[in-house]
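Below are the chains, spelled out letter by letter.
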Amino acid sequence: MAEAITKPALERHGLDEEQLRWMLRNMLLQRTLDNRGFQLNRQGKIPFATGSEGHEGIHAGSALAFARGRDVLVPYYRDIGLCIGIGMEPLQVLLAMFARAADISGGRQFPNHFTGRAIGLMSISSIIAAHLPHAVGAAYAMKLRGESGRAVLASFGDGATSEGEWHESMNFAAVHALPIVFLCENNEWAISTPRDRQMKVRDVVEKADGYGMRGEIVDGSDPIAVYGVMNGALERARSGGGPTLVEAKCYRFLSHTTDDDDRTYRTREEIERHRHLDPVPRFERVLVEAGVITSDDVSAMKREILAHVNDVTDRAEALPYPLASDLYTNVYEGTHEPWL
Ligand SMILES: Cc1ncc(C[n+]2csc(CCOP(=O)(O)OP(=O)(O)O)c2C)c(N)n1
Ligand SMILES: [Mg+2]
């Protein structure tokens, strides 16, 4: 009798079914919010949006490895899924897009420049790599205060690894064995600059050697693999094992932002060649095939997410803009108004 062909069991890195479904929901929510930003921009309702299509696996896996209430996240502007994954409400995303007064920055920041002290989310800087010395400073403070069991998760793109602040941060963190994980979301592009015009090495992770830092590479379109690597690196950092550079490979499917037209520097064929890496349909398939979720439940999840995103869109849009008279509130101490 022919032996039944058994498929290898899904590698879960200890994750239960609820956690796997949580990651899928985070990825679907991220994509829906992403698309909403582009739609609202094309409708002329918001001036600007940044997409993160292709990064969803990195964000879901890393967010699950993040210890809420203990760790500190120092992200960059493409990390919408990472921010909602550690507890930021989707309404905040829409308030920032619409630049409403109720936005946490009072409608002053670029969209996707989130902050949230209560959830351990440090403010995002538009200046590439400028957040990394701050991330290292937070990790240094944890070490000086003897706060073991905590770590900093700092993320950035491949382009950021050419910046002086990136190198200084890596060096300082390695020398002082700080509790920090550097997460490079390598999406092959820095606006219009491809990876091979950005660096001579093939993999960002090779740069870790120059600092005597541990480096790990992971398929960023596989959230379970990302969780495995990030969980290991964060646990090591929390328990005194020092920093790690994690390079998560992915691909940026959309233009850099709504202000960018990627047809001027890359072909449609190149994008199509990477489609099989799209983490969202890929993970959906993996979970359905492994019997973790049914196709019907995925459809119901998508409907529930769309209804929620529609609701927060309407709520945010209905709220007022900040008042011009509030321009200097929280900028200068007291009632100082520079024009008076
Ligand atoms: C110091 C600095 N230089 C240039 C810019 C303009 N800029 C904004 S995003 C970006 C590309 C960054 O690429 P990467 O780090 O790979 O991140 P990605 O956008 O691909 O996720 C550049 C050059 C900036 N914001 N800050
Ligand atoms: Mg990039």
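Please refer to the structure placed before this passage.
Residues numbered from 1 in each chain as written. Chains lettered and ligands numbered in written order. Predicted model: local features only at pLDDT ≥ 70, side-chain atom pairs only at ≥ 80, totals over all residues. Heavy atoms only, no water.

Here we come to the site of ligand 1. Neighbouring ligand 1 are 16 residues, the closest being Tyr 76, Tyr 77, Arg 78, Gly 159 and Trp 189. Arg 78 is positioned such that a nitrogen or oxygen atom in its side chain is 2.8 Å from an oxygen atom of ligand 1. Residue composition of the shell around ligand 1, by class: 8 nonpolar, 5 polar and 3 charged. (Near = heavy atom within 4 Å. Polar contact = N/O pair within 3.5 Å; in protein donor to acceptor, adjacent residues only side chain to side chain. Nonpolar A, V, L, I, M, F, W, Y, C, P; charged D, E, K, R; others polar.)

Ranked by size, the top nonpolar core spans 63 residues in total, and within it Val 93, Leu 94 and Phe 114 carry the most contacts. Core analysis: the next-biggest nonpolar cluster, separate from the first, contains 26 residues, Ala 138, Val 152, Ala 174 and Met 199 among them. (Core = buried A, V, L, I, M, F, W, Y, C linked by side-chain atoms within 4.5 Å. Buried < 20%, exposed > 50% of the residue type's maximum accessible area, 1.4 Å probe, protein only.)

The next subject is the side chain of Ser 105. Topologically, Ser 105 is positioned in the loop between helix H4 (90–98) and helix H5 (131–144). Given a relative accessible area of 19%, Ser 105 falls into the buried group. A polar contact of 2.6 Å, which involves the side chain of Ser 105, links it to the side chain of Asp 103. (Helix = DSSP H or I, 4+ residues; strand = E, 2+ residues; numbered from the N terminus.)

Around the magnesium ion (ligand 2), the protein contributes the donor atoms Asp 158 (OD), Asn 187 (OD1) and Trp 189 (O), which lie 2.1 to 2.2 Å from the metal centre. Coordination of the magnesium ion (ligand 2) draws on donor residues from a single chain, spaced D-x28-N-x1-W in sequence. As far as the burial class goes, Asn 187 and Trp 189 line up, both buried. (Donors = N, O, S within 2.8 Å, 3.2 Å for Na, K, Ca; no water.)

So, about the sheet that holds strand E3 (residues 180–186). A sheet is described by the order of its strands in space; here 5 strands give the open sequence E1-E2-E3-E7-E6, paired in parallel fashion. Bordering the open sheet on either side are strand E1 (72–74) and strand E6 (214–219), each of which pairs with just one other strand. Strand-to-strand twist in this sheet, taken as the mean axis angle between neighbours without regard to direction, amounts to 20°. Bridge count for E6 against strand E7 (residues 244–249) is 6 bridges, and the pairing is parallel. In the strand pairing of E7, Arg 214 is matched with Thr 244. Along the sheet, helix H6 (residues 164–175) contacts strand E2 (152–157), E3 and E7; its crossing angle with E3, the most-contacted strand, is approximately 145°. (Pairing = 2+ DSSP bridges. Axes fitted to C-alpha atoms, helices over the stretch in contact; angles between N-to-C directions. Contact = heavy atoms within 4.5 Å.)

Here the focus is unusual backbone geometry. Of note, the phi angle at Ile 191 is positive, near 50°, even though the residue is not glycine. Within the element layout of this structure, Ile 191 appears in the loop between strand E4 (189–190) and strand E5 (193–194). A positive phi angle, close to 70°, is found at Asn 330, a residue other than glycine. Along the chain, Asn 330 turns up in the segment after helix H11 (295–318). A residue is classified by how much of its surface remains accessible, and Asn 330, at 75% relative accessible area, is exposed.

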